[in-house]
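Report on the structure
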Amino acid sequence: MRSKLAVSLSTACAALGLGLAEDAGATQVAYSDGGQVWVSTLDGSAKRSLSGPSTNERQWQEVAQADDGTVIGVHREGGKIGTLNDTQLWNADGTTRGYGTLSTKPGRTSYAYPVTLDLTPDGSGVVYGYANFSGFGLSTVYEFGTYAEGSTNWYIEPFDVTSVDSGTLAGKRIVGTSGTTVYLQNDATAAPYTTDFTPWFDTAGISGDLGHVDVSANGKIAAVETGPLATQRIAMIPFASLGGALPADGSDCFLPAVGAARDVSISQDGTSMAWHDDRGVVVAGTPVW
C-alpha cells in the first residue's frame, strides 16, 4: 500500500501517499458519489456500487464502514429534516444485511442528523451526531449530542448522549467533543449505551473550532477536524494508547489537503486513512512521526 514518495506535512511527520476513497477499512473504502454508495480498492483501481441509483427523490448521502467491512448508507433528500431517512446495511461481500431508519427523540421543531455516522466493529450498532432544535424565535433551544442504537430493524427511540457532540467510535466506545475538549466514553460492557465519559485531551492549542474526531481501533492515532468549515484542516496526533496523554514532545501534523478537508476516517489497522477535500476523496498512509 505504500508508495515510494512521502508527502511532507511538517518537520514532525510525513504521510505515505496511496490513491482514492473515503471510509477506510483494511482492504476497501466505502464512500458516496453521485447519490450512490460505492466501495473501492484503496488505490481506486476497482470500484462497484452497492446501492445502485436511487429510484426516488432521495439520494445516498452519508456512509460509514465497520471494522469487519460492514457498510451502512443513509438514504435521504438533501435539505430535508433528518427524520425523513431510511438506511441499508451491506455485508463486506456486498450482500444486504438489513434495513432501518435512523430515529430520534420526539418533540423537536427541526431535526438535523446524522452530523456524524459510525458503526460498532461488528456492524450491529450505529452512533450518529445530531443538531436539533425546538421552539421558535427568541424561545429557540438548540440541542447537540449523539444518538446510539441498533443498526437495522429498529422502531424505538435511540439512546441519547447529550454530553458529547459529533460522536464516532473507537471500538464500541464513543469519542465525542464538547467545546475544544475531546471526551472518551468509559470502558464498560454497556458501551456505547452509557453516559459516563472522561475528558481525553484538549485542542485549544490547535484551534478554537473543533469538528469531529476519528480514532484508529488501536487508539494510537487521532484525526481531529479543526478550524472554520470553509477552511477546515485535519490534525493528526499520535498517542501511546487509547485515552493516553498527549505526546510530551508536542507531536502533531496537518494533512496535505487541497482546500477544506473533512470526513476523515482511519482504517481499523491504523495503516491508512481517507478524507474529502477539493480533489474529491483521497487516501493516504497514516503519518510516520
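In case you missed it, the structure is sitting above this.
Residue indices begin from 1 for each chain and proceed along its sequence in written order. For this predicted model, a pLDDT threshold of at least 70 governs which residues receive local features, and a threshold of 80 or more governs which side-chain atom pairs are given and counted, while totals over whole chains, interfaces and linings are taken from all residues. Each side-chain value is worked out from all heavy atoms of the structure, with water and hydrogens disregarded.

1. Let's talk about the environment of Arg97
A run of DSSP states H or I qualifies as a helix once it reaches four residues; a run of E qualifies as a strand once it reaches two. Both are numbered from the N-terminal end. Tracing the chain through its elements places Arg97 in strand 10 (residues 96–100). Measuring from C-alpha to C-alpha, the distance between Arg97 and Gln36 comes to 17 Å, with 61 residues separating the pair along the chain. Within polar-contact distance, the side chain of Arg97 engages the side chain of Thr70 at 2.9 Å. Nitrogen and oxygen atoms within 3.5 Å of one another constitute a polar contact, given that in protein one can donate a hydrogen and the other can accept it, and given that sequence-neighbouring residues count only through two side-chain atoms.

2. Comments concerning the pairing of strand 7 (residues 59–65)
Exposure classes here rest on a 1.4 Å probe applied to the protein chains alone. A residue is buried below 20% of its type maximum, exposed above 50%, and partly exposed in between. Most of strand 7 sits inside the fold, with five of its seven residues counted as buried. One bridge is not enough; two strands pair if DSSP finds at least two bridges between them. Pairing analysis gives six bridges linking strand 7 to strand 8 (residues 71–76), with the strands arranged antiparallel. Bridge pairing links Gln65 to Val71 in strand 8. In textbook terms, the turn of a hairpin is the stretch between consecutive antiparallel strands, and for strand 7 and strand 8 this stretch comprises five residues, one of which, Gly69, has a positive phi near 95 degrees.

3. Thoughts on the nonpolar core
One finds Ile72, Leu102, Tyr113, Leu117, Leu119, Val126 and Tyr128 to be the most contacted residues of the largest nonpolar core, which totals 15 residues. Going through the elements one at a time, strand 8, strand 11 (117–119) and strand 12 (125–134) are the ones with two or more residues in this core. Element by element, the count of residues in this core is highest for strand 12, at three residues. Two residues form a contact once any of their heavy atoms are found within 4.5 Å. For Tyr128, the residues in contact, after removing those within four places along its chain, are Leu102, Ser103, Tyr113, Pro114, Thr116, Leu117, Gly145, Thr146, Tyr147, Glu149 and Pro158. Residues belong to one nonpolar core when they are buried, are Ala, Val, Leu, Ile, Met, Phe, Trp, Tyr or Cys, and are joined through side-chain atoms within 4.5 Å.

4. Observations concerning the packing of aromatic side chains
Classification of ring pairs uses Phe, Tyr and Trp, with its six-membered ring standing for Trp, and accepts pairs whose centres are within 6.5 Å; under 30 degrees between planes counts as stacked, over 60 as edge-to-face, and the remaining range as tilted. Taken as a whole, this structure holds ten aromatic pairs when the rule is applied. With a centroid separation of 6.3 Å and an interplanar angle of 90 degrees, the aromatic rings of Tyr113 and Tyr147 are classed as edge-to-face. Of this pair, Tyr113 sits in the loop between strand 10 and strand 11 while Tyr147 sits in strand 13 (residues 141–150), and the two are 34 residues apart along the sequence. Tyr113 gets classed as buried once you look at its relative accessible area, which sits at 4%.

5. A look at the sheet that holds strand 17 (residues 181–185)
Taken together, four strands build an open sheet; the order of strands is 15-16-17-18 and the sheet is antiparallel. Strands at the two margins of the open sheet, each flanked by one partner only, are strand 15 (165–170) and strand 18 (197–202). Pairwise comparison of adjacent strand axes, ignoring direction, gives a mean angle of 30 degrees for this sheet. Bridging between strand 16 (residues 173–178) and strand 17 involves four bridges; their strand directions are antiparallel. Its bridge partner lying in strand 17, Val175 is registered against Leu184. Axes, fitted as lines to C-alpha atoms, cover a helix only where it is in contact. Angles between the N-to-C directions of the axes lie from 0 to 180 degrees.

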